[in-house]
Amino acid sequence: MSTFLSKAEVAELTGRKQRQKQVEQLISMHITFTLDAFGWPKVLRKTIETELGAAESCQIKRGGATLSDDELYTG
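The structure contained in this document is the topic of the report that follows.

Another aspect to go through is the side chain of Thr47. Checked against the element boundaries, Thr47 lands in helix α3 (residues 45-51). Apart from residues lying up to four places away in sequence, Thr47 is in contact with Ile31 and Thr32.

With that settled, consider the pattern of salt bridges. The final tally for this structure, using the stated rule, is 2 salt bridges. With a shortest N-O distance of 2.9 Å, Arg45 and Glu9 are connected by a salt bridge. Taken as a pair, Arg45 in helix α3 and Glu9 in helix α1 (residues 7-14) lie far apart in primary sequence, 36 residues in all. For Arg45, a relative accessible area of 14% translates into the label buried. Between Glu24 and Lys21 there is a salt bridge whose closest N-O contact spans 3.7 Å. With Glu24 and Lys21 both in helix α2 (residues 19-28) and 3 residues apart, the pair spans about one turn of that helix. In this structure Glu24 comes out as partly exposed when scored by relative accessible area, which is 39%. Classification of Lys21 by relative accessible area gives partly exposed; the value is 39%.

We now examine the environment of Trp40. Looking at the element boundaries, Trp40 is found in the loop between β1 (34-35) and β2 (41-42). Linking Trp40 and Arg19, residues 21 residues apart in sequence, is a C-alpha distance of 5.6 Å. Excluding residues that lie within four positions of it along the chain, Trp40 makes contacts with Lys7, Lys17, Gln18, Arg19, Gln22, Thr34 and Leu35.

About the criteria used
- Residues numbered from 1 in each chain as written.
- Predicted model: local features only at pLDDT ≥ 70, side-chain atom pairs only at ≥ 80, totals over all residues.
- Heavy atoms only, no water.
- Helix = DSSP H or I, 4+ residues; strand = E, 2+ residues; numbered from the N terminus.
- Contact = heavy atoms within 4.5 Å.
- Salt bridge = Lys/Arg side-chain N within 4 Å of Asp/Glu carboxyl O.
- Buried < 20%, exposed > 50% of the residue type's maximum accessible area, 1.4 Å probe, protein only.

See the structure below:
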């Protein structure tokens, strides 16, 4: 397994195919990334695993606040 998400995985994550649109979407999602020599966003796999719930407790970050499992509205 690669250290970085593949181009296809970044496209799936962002819902965008064009690199500039991927960059804009990653910024709006507050996901840390870097650009490769060709301008494509590179996202660490560990960042996504941590941010999107592979951690022990599911948390959602919104506007600086963090909601834990017991605070989430599921109705």
